[in-house]
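An overview of the molecular structure
Each chain, written out:
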Amino acid sequence: MSLGFASMFIFGAMYSVQPILPMFTEEFNVKVSYSSMAMSLTTCGLIIGLVVLGFFSDRIGRTIFVKISLVGSLLPFILMPLTESFGWIIFLRFVQGFLLAGVPSTALAYISEEINKKFISVATALYISCNALGGMIGRVVTGYATEHFSWEKAFYILAASGVFVFILVLFALPKSRNFQPQEASLREDLEGFTCHLKNPSLLLMFGLGIVLQLSFTGIWTYIPFHLTEEPFLLSIDAVSNLFFAYGLGVIGSPLASWLASKIGQRKVLITGVFVLSVGVLFTMSSSVWIIVVGLCVACLGFFTSHSLAASSVSREANHHKGSASSLYLVSYYIGVGAGSTLLGPIWEQLGWRGLVILTTLAPTLYILLVTLVRLRKTKKQPIV
């Protein structure tokens with residue numbers, strides 16, 4: 001339970017700025033692409049943290065990094081409202097991203113070491129559901145508090161919730177009983193990473209993680225700008241309510257697992273990718289209600305395909321499975337960074353229609369590429 005709350009806070013903190021990016025552009029008089037760096041630089045810090053903190057957690061322990069992550073990631077929420085420079089805000093978000101990595105870099109390893117093998121799959125599904133739930137709550141709380149108070153007070157509310165979660169984890173998270181310090185050298189770890197990067201099947205899965213998140217994050221990063229402009233003119237409060245669509249992400253992972261056991265993992269993964277693309281395409285509508293339906297469909301498709309892509313990585317890796325999962329996470333968050341900032345010029349030059357066309361085509365064309373590669377290797381194990 002305490003690890004689930006820690007995950008909810010971490011992912012809530014990470015995505016908290018997404019609904020208020022339009023307010024940043026207005027208050028600090030910065031471009032949309034610069035404003036989006038409040039998301040992308042957080043992701044860059046997280047990617048570095050996943051590698052660095054994951055390495056040390058294998059040697060020092062798991063729970064200590066969960067606690068450090070919680071304390072370290074709540075402090076920027078206290079400091080950011082005190083500055084009048086947007087440059088300092090994105091710097092603090094970068095630092096926050098690095099510190100946020102303490103939980104995702106250790107959580108799955110902690111679960112695999114401390115939970116009875118019979119319940120590991122259930123615990124993992126619940127953990128992933130907490131990730132989605134935390135992302136949803138962080139966005140909704142920030143959007144609502146910003147609309148009714150200010151973004152500064154929204155950050156203070158998040159900091160206070162972080163203190164509560166830290167106290168809960170401090171007293172409720174069981175100590176590691178089965179942790180065995182890893183004695184492999186940094187060079188051996190790097191060799192494990194290199195081997196995975198030479199595996200074509202794994203490379204395709206890493207690429208899929210990038211493309212999935214690029215499309216999904218791109219839509220969610222720029223839809224607040226789209227819906228606060230004409231003809232919609234929605235408030236930040238109203239836009240933040242859209243993030244309740246993430247509720248479908250809570251059921252997406254266990255649903256994908258159940259369907260995969262019935263009709264096959266590859267079929268469900270491919271279906272999830274096309275469901276994501278269809279949902280994104282719906283957001284081109286001029287009707288808010290159709291856009292809402294599209295976002296819900298996109299969430300269901302994304303979390304279905306993402307959970308199965310992550311499990312495919314573990315299946316394809318014959319050794320150093322932990323480093324393979326870490327590389328998938330790195331790819332996943334590269335997609336978050338790309339969807340946050342690299343799509344900025346598309347939004348500025350081509351508008352929402354151009355952004356939707358790109359984010360619809362990218363995962364569809366990629367999964368077609370993966371399927372074609374698989375067909376050329378029909379005598380080998382399926383890639384997806």
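Structure's up top.
Report on the accompanying structure. The shown structure was predicted, so the numbers you read here are calculated from the model rather than taken from an experiment.

Definitions and limits used
Residues numbered from 1 in each chain as written. Predicted model: local features only at pLDDT ≥ 70, side-chain atom pairs only at ≥ 80, totals over all residues. Heavy atoms only, no water. Helix = DSSP H or I, 4+ residues; strand = E, 2+ residues; numbered from the N terminus. Buried < 20%, exposed > 50% of the residue type's maximum accessible area, 1.4 Å probe, protein only. Contact = heavy atoms within 4.5 Å. 1 Å grid on protein atoms, 1.4 Å probe; cavity = no way out; pocket = protein on both sides within 12 Å on 5 of 7 lines; lining within 4 Å. Points joined across faces, edges and corners; volume = space filled by probe spheres on them. Nonpolar A, V, L, I, M, F, W, Y, C, P; charged D, E, K, R; others polar. Axes fitted to C-alpha atoms, helices over the stretch in contact; angles between N-to-C directions. Parallel < 35°, antiparallel > 145°, perpendicular 65-115°, else oblique. Expected span 1.5 Å × (residues − 1). Phe/Tyr/Trp six-rings, centres within 6.5 Å; stacked < 30°, edge-to-face > 60°.

Now for the side chain of Ser 35. Looking at the secondary structure, you find Ser 35 in helix α3 (residues 32-35). We classify Ser 35 as buried; its relative accessible area is 0%. When residues no more than four places from it in sequence are discounted, the contact partners of Ser 35 are Leu 21, Phe 24, Thr 25, Val 30, Phe 86 and Phe 225.

This paragraph deals with the layout of surface pockets. Its boundaries defined by the atoms lining it, the second largest pocket holds a volume of some 350 Å³. At the level of secondary structure, the elements contributing two or more residues to the lining of the second largest pocket comprise α1 (2-15), α7 (107-114) and α8 (120-148). Broken down by element, the lining of the second largest pocket gets its largest block of residues, four residues, from α8. Classifying every residue of the lining of the second largest pocket gives twelve nonpolar, two polar and three charged.

Leaving glycine aside, a negative phi is the common case for residues, and trans is the common case for peptide bonds. Here the amide bond leading from Glu 230 into Pro 231 is cis, since omega sits at 5 degrees, within 30 degrees of zero. Structurally, Pro 231 can be placed in the loop between α11 (200-228) and α12 (236-241). The backbone of Asn 29 shows a phi angle near 55 degrees, a positive value even though the residue is not glycine. Along the chain, the position of Asn 29 falls in the loop between α2 (21-27) and α3. In this structure Asn 29 comes out as exposed when scored by relative accessible area, which is 71%. The phi dihedral of Leu 233 is positive, around 55 degrees, even though this residue is not glycine. Turning to its location among the elements, Leu 233 is positioned in the loop between α11 and α12.

What follows is about the environment of Ala 145. When you line up the elements, Ala 145 lands in helix α8. For Ala 145, a relative accessible area of 3% puts it in the buried group. Expressed as a C-alpha distance, the spacing of Ala 145 and Leu 50, which sit 95 residues apart in the sequence, is 30 Å.

On to the packing of helix α13 (residues 247-263) against helix α14 (residues 265-282), then. Packing of α13 against α14 brings their axes to within 7 Å, and their N-to-C directions diverge by 130 degrees. Considering their axes alone, α13 and α14 lie oblique with respect to each other. Residues Ala 256, Leu 259, Ala 260 and Ile 263 of α13 lie in contact with α14, whose contacting residues are Gln 265, Lys 267 and Val 268. Here the residues of the contact of α13 with α14 are counted per class, giving five nonpolar, one polar and one charged.

Before going further, it helps to spend a moment on α1. A rise of 1.5 Å per residue sets the reference length of α1, with its 14 residues, at 20 Å; its end C-alpha atoms lie 20 Å apart and thus fit the reference within 8%. Within α1, 13 of the 14 residues are buried, which leaves the element mostly enclosed by the surrounding structure.

Overall, the coordinates contain 24 aromatic pairs when judged by the stated rule. A centroid spacing of 4.1 Å and a plane angle of 0 degrees characterise the contact between Phe 216 and Phe 302, whose relative ring orientation is stacked. A residue pair is termed long-range when its members are at least 10 positions apart, and Phe 216 in helix α11 and Phe 302 in helix α15 (residues 288-316) qualify at 86 residues. The exposure classification of Phe 216 matches that of Phe 302, with both residues buried. For the ring pair Tyr 328 and Tyr 332, a centre distance of 6.3 Å and an interplane angle of 35 degrees mean the geometry is tilted.

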